[in-house]
Amino acid sequence: MSFLLPKLSSKKEVDQAIKSTAEKVLVLRFGRDEDPVCLQLDDILSKTSPDLSKMAAIYLVDVDQTPVYTHYFDISYIPSTVFFFNGQHMKVDYGSPDHTKFVGSFKTKQDFIDLIEVIYRGAMRGKLIVQSPIDPKNIPKYDLLYQDI
């Protein structure tokens, strides 16, 4: 399903999307098109994209083609989903140590829709971090990797 969503294949394209997406949540899915978990997430993103078109713009970003952002957002697990609103990085408290990105695939389409709605409403009120509406059982668990500490 990744062929149904627009792809950003360079740092310049990602920069442009961040700068030009106004009054919508910008969803950047970092991953690889051939990865099975990325494909599962892409299926959810593509099926919800029409319903969320007034609230969100969804793009796929290949981690191998944008190493600057892969390093900047510390993408060590794929898929990782990062959110922006009016050029501002939106953080979400998932009940995990990392609020900068969602790692893994969403369990249901409704989980993703609920998250976008919460980010959108919070951002419209000027918030930079919002509380995740997703049931903690549906949030993938992973260990943070610290290098060179």
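An unreviewed UniProt entry lists the chain under the name Thioredoxin-like protein, from Tursiops truncatus. The record held by UniProt for the chain lists under Subunit (unreviewed entry) the comment "Homodimer. Interacts with the U5-102 kDa protein subunit of the spliceosome."

Undergrad: What is the right way to look at the packing of helix H2 (residues 36-48) against helix H4 (residues 109-124) in this model?
TA: Pairs of packed helices are described in terms of their axes, by the angle between the two and the distance that separates them. It is at 9 Å that the axes of H2 and H4 come closest, and there the two elements cross at 60°. With respect to H4, the element H2 is oriented oblique. Like other packed secondary-structure pairs, H2 and H4 cross with a definite hand, here right-handed. On H4, the residues touching Ile44, Leu45, Lys47 and Thr48 of H2 are Lys109, Phe112 and Ile113. Of the residues in the contact of H2 with H4, the class split is 4 nonpolar, 1 polar and 2 charged.

Undergrad: Looking at this structure, how should I read H4?
TA: Given 3.6 residues to a turn, an α-helix orients residues that are three or four positions apart in the same direction. The terminal C-alpha atoms of H4 lie 23 Å apart, and with 16 residues this matches the ideal 22 Å at 1.5 Å per residue to within 8%. All buried positions along H4 are accounted for by Asp111, Phe112, Ile113, Leu115, Ile116, Ile119, Gly122 and Ala123. The inward-facing, buried residues of H4 abut strand S2 (25-31), H2, strand S3 (56-62), strand S4 (80-85), strand S5 (88-93) and strand S7 (129-131).

Undergrad: Sorry, what's going on with the nonpolar core here?
TA: The nonpolar side chains of a soluble globular protein tend to be buried, and buried together. In this structure, Phe83, Phe106, Phe112 and Ile116 are the most contacted members of the largest nonpolar core, which totals 27 residues. Mapped by element, the contributors of at least two residues to this core are S2, H2, S3, S4, S5 and H4. Examining the composition of this core, we find that 6 residues originate from one element, H4, more than from any other. Ranked by size, the runner-up nonpolar core spans 15 residues in total, among them Ile18, Phe30, Ala57 and Val61.

What counts and how
- Residues numbered from 1 in each chain as written.
- Predicted model: local features only at pLDDT ≥ 70, side-chain atom pairs only at ≥ 80, totals over all residues.
- Heavy atoms only, no water.
- UniProt positions renumbered as here; feature names shortened; annotations may be inferred.
- Axes fitted to C-alpha atoms, helices over the stretch in contact; angles between N-to-C directions.
- Helix = DSSP H or I, 4+ residues; strand = E, 2+ residues; numbered from the N terminus.
- Parallel < 35°, antiparallel > 145°, perpendicular 65-115°, else oblique.
- Left-handed = near helix turned anticlockwise from the far one by under 90°.
- Contact = heavy atoms within 4.5 Å.
- Nonpolar A, V, L, I, M, F, W, Y, C, P; charged D, E, K, R; others polar.
- Expected span 1.5 Å × (residues − 1).
- Buried < 20%, exposed > 50% of the residue type's maximum accessible area, 1.4 Å probe, protein only.
- Core = buried A, V, L, I, M, F, W, Y, C linked by side-chain atoms within 4.5 Å.

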